[in-house]
Amino acid sequence: MSPRLRWRKLVSGFMLTLTGVCALVAVSVLFLILGYLVYHGGTSISWNFFTKLPVPVGETGGGMANAILGSAKMLLLASLFGVPFGFFGAIYLAEFSGATTAFVVRYAADLLNGVPSIVIGIFAYSLVVHPFRQYSTLAGGFALGLMMIPITLRSTEEFLRSVPNDFREGAMALGASKWKTIATVIVPAAYRGILTAVLLAFARVAGETAPLLFTALGNQFWSSGWTQPTASLPVMIYTYALAPYDDWHRQAWAAGLVLLGLILVINIVARAILSRGMAVPRS
Amino acid sequence: MITFLFAASVVLVTVLLVFELWQGSVLSRHKFGFNFFRTSVWDPIFEQFGALPFIYGTLVTAAVSLLIAVPLGIGAAIFLAELAPARVSDTLEFFIDLLAAVPSVIYGVLGIFIVVPLMRQYIQPALKHSFGFLPLFQGPAYGVGFLTAGIVLAIMVIPYIISVSREVLLSVPRDQREAALSLGATHWESTWKVVVPFARAGIFGSIFLALARALGETMAVTMVIGNNPTISASLFSPGYSIAAVIANEFTEATGELHTQSLIELGLVLFILTFILNGFARLLMVATSQRGSRLGHP
Amino acid sequence: MKKIAALLAIFLALAGILWADSSLSITGAGATFPYPMYSKWFDEYHKKNANLSINYQSIGSGGGIKQVTEGTVDFGATDGPMNDDQLKAYQDKHGFGILHFPTVLGADVPAYNIPGVTVELNFTPEAIAGIFLGKITKWNDPVISGPNKGVALPGDDIVVVHRSEGSGTTYIWTDYLSKVSEEWKTKVGKGASVNWPVGLGAKGNESVAGTIKNTPDSFGYVELIYAIQNNMPYGRVKNSSGAFVKADLASVTAAAAGAAKSMPDDFRVSITDAPGKTAYPISSFTWLLVPAKFSDATKRDAIKGFVKWMLADGQNYTEALSYAKLPKEVVAKELKALNNVQ
């Protein structure tokens, strides 16, 4: 073997090992994050954390019960708002629209998707908070819902499109109307993918903090109804992490673990649903 | 058609958003004009608002993050696409996708409690010791600053680079690799000189995507950047980014001009991410078209 | 599909009924300076009045002024009184005015984290101004070490920490610096949000305290209770009579003594650099901002009820958190002024 060839082979082996190291580094970051959260947060999770309200500054023993409920309420609102728009919009794109309208709608959705979450916060503030002079759960839910729409829309559209045309033709041949076809044949065929899309969108907005700063504000008590400011897990994590109190730091770790745990579980479940389903392309 | 209404409202809401940003910044746009981008003074008392420190901070942190994330990300993507057996590749990709799902505020918490002390106690002094002659690594080691924010951002954007690059690398037709190998190239040579250039457009697309994400990041950045509107050559210096200043000052900007200047910053950020996302999509479409034109299924 | 929709509708209706209970919720926002006090007060008041939750968010005095002017919160809180322009803006926007009600007395203390130094340092006005102007950069600078003979100060760079957002605590600090340093007055000025020559920005008293605690060689200003609650060393400041005074209940009360007698009707007064041998020079009142008119009578009565309680029973909670009580004359004057809230 010539020395040149030996050198090239050496370089090849070295560079390829290096790429392996890169991959290892990237993956180990995830485990480091999880490890830290489990270590710091695991020791701080207590019954108090889930059931108690925050206590006055400087005292210990408080919890984040109101933040958990607040996040749950806003995520529910976000889904109720975002999913129908994404879902029905996708049906329009996949089944009804012409090429130009489809382009415009998709472009708008991609635009909305790329908007930084802080700018969504500004928008939600000027649309919902400012005119009604009220920080509210509704405003927070609206901001999060806005972020769910493009994700749901694009993914659902792809899954609907991937349903083979024979399904549509078969249904029409049997005399089904357009809507009946969609409702009873196409959507059920693509339901795994749609569910996955919704779950992933949900997990994405569950961790968002910036839009909530200007919409839901915060609350140290229970937030009654839908038109009062409310605490939320991500905002509490942010506030507590920056503060000097050790008790608050512990609670921030615990909340981080709960939040990340929820998001990761949803992600894993969503991908499991997808992989078990029919051979639909990944978006 | 009902569904048309739903689809149309998506377009409407997006248009409304752009309109609100434009209208909401009318005062500051008229008062400062293009000087907004050239002034570096941000003084709420004397009502002088210049965007330069924030644009600088946003770009510098994004640049640092890409400098770290791009080599690591492309390297990892090459490994996953070329070397790893399919099962290993899929499993690792699964974990990397999970990394992309971690919320920004959690990166921020980890930044504050783990990265910042590490930077302040070990990494910054070490850099100062070895490379202190460069203006990049001068100044006191605060722990927070441009470099720290860049590092945290790098961790956040690596998953995007890896997953998109891996897909485009996988979609390069087999014949390309085989042709290179049959001409006597080593594995690395065929990868680096044939496959990667073939997928070049898509890889650039992933970088633009990562850049767009890095520019818009709010929470993690504001927790580790130092929140000081400074323009400095040193990476150790505290700085400020557009998203961070909006998050910190929006709820309390007294005076219409202050609020509208912040909204104008939001508009700037929006336009930047809009352009980058546009480029990214174009590039990724270009790659896939190239692949399919050559007969790849 | 239809079943799911029906179930969802029922669920929402139930949720709406269950969650829209009869309790009254009032929202206020503003200063972080008195936040430990307010969070204690509102918690105690809620225990006494289970149907009333007063939700106070500490977003900074600037935020308090802005949001109460916007009308997005029911009351505000600030340690930097609204200036005439801001009062006029409020009047123009709402058609009625907004009233200041002092609640407690507090102090901005110079807190630091210097490796190896656990004693109380003495700071002159020149030292503080010099550090914050960026002219004094090292801990062992003669201006700092002069009044601190016998303390081994390192030659490290000082890490200045200040507020990143509009803050009453900043207003108090810069108000003091403008009075004692001509250079500060012309270069930077006083305000809730200034163009800081140097330093790291942190959001809220909480975060400044957190940053100082975590950053060696740091120096910043926080409200007294934050330094105490976090076991952070803080220094004495030289007052106008030449004595180095530490912030505590006595010295803060002494600073307010003069103002108590000559309190203006709108309660806007500055007591920084107050005369008196035992007065702490960086003290201040902190105010609630209450609109002069409420369209909702229940909210108005609830807030007035709270203020009355705050001026009486509430004052008994202050000293445990190192805030000084309001002087008696001020309390009497406030009770009278409360009648102006309609």
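Residues numbered from 1 in each chain as written. Chains lettered and ligands numbered in written order. Predicted model: local features only at pLDDT ≥ 70, side-chain atom pairs only at ≥ 80, totals over all residues.

## Observations regarding the overall build of chain C
Thinking step 1. On a plain count of helices and strands, chain C comes out with 13 helices and eleven strands.
Thinking step 2. A compact globule built from 342 residues should have a C-alpha radius of gyration of about 20 Å, and chain C, at 22 Å, falls within 12% of that.
Thinking step 3. Along the three orthogonal principal directions, the C-alpha set of chain C runs to about 75 × 55 × 35 Å.
Thinking step 4. Within chain C, contacts between residues separated by at least 24 positions form 73% of all contacts whose residues are at least 6 apart in sequence. (Helix = DSSP H or I, 4+ residues; strand = E, 2+ residues; numbered from the N terminus. Rg over C-alpha atoms; globule rule 2.2 N^0.38 Å. Contact = placed C-beta atoms within 7 Å.)

## Here we look at the overall build of chain A
Thinking step 1. Counting its regular elements, chain A contains eleven helices and zero strands.
Thinking step 2. Listed N to C, the secondary structure of chain A is α-α-α-α-α-α-α-α-α-α-α in terms of helices and strands.
Thinking step 3. For 283 residues, the compact-globule estimate of 2.2 N^0.38 gives 19 Å, and chain A exceeds it by more than 25% at 24 Å.
Thinking step 4. Once local pairs closer than 6 in sequence are excluded, the contacts in chain A between residues at least 24 apart make up 75%.

## Topic: the environment of Ala81(B)
All names here are of chain B.
Thinking step 1. Residue position: alanine 81 is located in helix α3 (residues 52-83).
Thinking step 2. Separated by 81 residues in sequence, alanine 81 and isoleucine 162 place their C-alpha atoms 9.9 Å apart.
Thinking step 3. Apart from residues no more than four positions distant in its own chain, alanine 81 is found in contact with Arg166, Leu169 and Leu170.

## Quick look at helix α11 (residues 249-261) of chain C
Residue and element names in this part refer to chain C.
Thinking step 1. Its 13 residues give α11 an end-to-end C-alpha distance of 19 Å, which sits within 8% of 18 Å, the value for a rise of 1.5 Å per residue.
Thinking step 2. For α11, the full list of buried residues reads Ser251, Val252, Ala254, Ala255, Ala256 and Ala259.
Thinking step 3. Where α11 is buried, its residues meet β4 (98-113), β10 (244-245) and β11 (283-291). (Expected span 1.5 Å × (residues − 1). Buried ≥ 20, exposed ≤ 12 C-beta atoms within 10 Å, placed from the backbone.)

## Examining the nonpolar core
Thinking step 1. Residues Ala124(A), Ile237(A), Ile161(B) and Val224(B) are the most contacted members of the largest nonpolar core, which totals 299 residues.
Thinking step 2. In terms of residue count, helix α6 (residues 146-170) of chain B provides more of this core than any other element does, 17 residues in total.
Thinking step 3. Setting aside chain neighbours within four positions, we find Ile161(B) in contact with Ala69(B), Val70(B), Gly73(B), Ile74(B), Ala77(B), Ser206(B), Ile207(B) and Ala210(B). (Core = buried A, V, L, I, M, F, W, Y, C linked by C-beta atoms within 7 Å.)

## A short note on the pairing of β4(C)
Within a regular strand, the side chains alternate between the two sheet faces.
All names here are of chain C.
Thinking step 1. Extensive coverage of β4 is indicated by the burial of 15 of its 16 residues.
Thinking step 2. Judged from the nine bridges that link them, β4 and β11 form a sheet pairing that is antiparallel. Bridge assignment links leucine 99 to a residue of β11, and that residue is valine 290.
Thinking step 3. Two elements, β4 and strand β8 (residues 218-223), share six bridges in a ladder whose sense is antiparallel. Bridge pairing in β8 links proline 110 to tyrosine 221. (Pairing = 2+ DSSP bridges.)

## Side note on the pairing of strand β1 (residues 24-30) of chain C
Residues and elements named next belong to chain C.
Thinking step 1. For β1, the tally of buried residues reaches six of seven residues, placing the bulk of the element in the interior.
Thinking step 2. Pairing geometry for β1 and strand β2 (residues 52-58), over seven bridges, is parallel. By the bridge assignment, isoleucine 26 is partnered in β2 with isoleucine 54.
Thinking step 3. Read from β1 through helix α2 (residues 35-48) to β2, the crossover connection turns out right-handed. (Right-handed = clockwise from strand over helix to strand, strands pointing away.)

## Some words on the sheet that holds strand β5 (residues 122-123) of chain C
Residues and elements named next belong to chain C.
Thinking step 1. Strand order across the open sheet formed by three strands is β5-β9-β10, with mixed pairing between neighbours. At either end of the open sheet lies a strand with only one pairing partner, and these are β5 and β10.
Thinking step 2. Note that β5 and strand β9 (residues 236-238) share two bridges and pair parallel. Bridge pairing in β9 links phenylalanine 123 to valine 237.

## Focus: the interface of chain B and chain C
Thinking step 1. Between chain B and chain C, the contact holds 18 residues from the first and 24 residues from the second.
Thinking step 2. Here the residues of the side of chain B that touches chain C sort into eight nonpolar, seven polar and three charged. (Nonpolar A, V, L, I, M, F, W, Y, C, P; charged D, E, K, R; others polar.)

## Overview of the interface of chain A and chain B
Thinking step 1. Contacts between the two partners involve 65 residues from chain A, matched on the other side by 62 residues from chain B.
Thinking step 2. Elements represented by at least two residues in the side of chain A that touches chain B include exactly α1 (3-42), α3 (65-96), α4 (99-114), α5 (117-132), α6 (137-161), α9 (210-213), α10 (233-242) and α11 (246-276) of chain A.
Thinking step 3. Along the lines of polarity and charge, the residues of the side of chain A that touches chain B split into 49 nonpolar, eleven polar and five charged.

## What to know about unusual backbone geometry
Thinking step 1. Positive phi, close to 55 degrees, is recorded for Arg133(A), a residue that is not glycine.
Thinking step 2. Summarising the element assignment, Arg133(A) is placed in the loop between α5 and α6.
Thinking step 3. Judged by local crowding, Arg133(A) falls into the exposed class, with 12 C-beta atoms found within 10 Å.
Thinking step 4. A positive phi angle is found at Asp217(C), which is not glycine, with a value near 70 degrees.
Thinking step 5. Locating Asp217(C) in the fold gives a position in the loop between α9 (204-214) and β8.

## Thoughts on α10(A)
Thinking step 1. Burial analysis of α10(A) places ten of its ten residues in the buried class, the great majority of the element.
Thinking step 2. Check the buried side of α10(A) and you find it contacts α3, α9 and α11 of chain A, α5 (104-131) and α10 (219-224) of chain B together with α9 of chain C.

## Considerations on the confidence of the model for chain C
Thinking step 1. The predicted model of chain C averages 89 in pLDDT, with 94% of residues at 70 or higher.
Thinking step 2. Prediction confidence for the complex, expressed as pTM and ipTM, is 0.88 and 0.86 respectively. (pLDDT = per-residue confidence, 0-100.)

## Structural notes on the sheet that holds strand β6 (residues 159-163) of chain C
Residues and elements named next belong to chain C.
Thinking step 1. Here eight strands make up an open sheet; going across it, the order is β2-β1-β3-β11-β4-β8-β6-β7 and the pairing mixed. Edge positions in the sheet fall to β2 and β7 (200-202), since each of these pairs with one other strand and no more. Averaged over all neighbouring strand pairs, the angle between strand axes comes to 25 degrees, with direction disregarded.
Thinking step 2. Across the sheet, α2 touches β2, β3 (75-78) and β4, and the angle it forms with β2 is around 170 degrees. (Axes fitted to C-alpha atoms, helices over the stretch in contact; angles between N-to-C directions.)

## Structural notes on the confidence of the model for chain A
Thinking step 1. Averaged over every residue, the pLDDT of chain A is 88; the share at 70 or more is 98%.
Thinking step 2. Residue range residues 278-283 of chain A is modelled with pLDDT below 50. Its contacts to residues more than four positions away, or to other chains, number seven contacts.

## Looking at the packing of α3(B) against α6(B)
Between two packed helices, both the angle of their axes relative to each other and the distance between the axes serve to describe the pair.
Thinking step 1. Contact geometry for α3(B) and α6(B): axes closest at 6 Å, N-to-C directions at 35 degrees. Here the hand of the crossing between α3(B) and α6(B) comes out right-handed. (Left-handed = near helix turned anticlockwise from the far one by under 90°.)

## Quick word on the environment of Thr118(C)
All names here are of chain C.
Thinking step 1. Residue placement: threonine 118 occurs in the loop between β4 and β5.
Thinking step 2. Take threonine 118: there are 7 C-beta atoms within 10 Å of it, and that puts it in the exposed class.
Thinking step 3. C-alpha separation for the pair threonine 118 and valine 151, spaced 33 residues apart in sequence, amounts to 9.6 Å.

## Topic: the packing of α1(A) against helix α4 (residues 86-100) of chain B
Thinking step 1. One can describe the packing of α1(A) onto α4(B) by two numbers: an axis separation of 9 Å at closest approach and a directional angle of 50 degrees. Taken together, the axis directions place α1(A) and α4(B) in an arrangement best described as oblique. As α1(A) runs across α4(B), the sense of the crossing is left-handed. On α4(B), the residues touching Ala23(A), Ala26(A), Val27(A), Val29(A) and Leu30(A) of α1(A) are Leu92(B), Phe95(B), Ile96(B), Leu98(B) and Leu99(B). (Parallel < 35°, antiparallel > 145°, perpendicular 65-115°, else oblique.)

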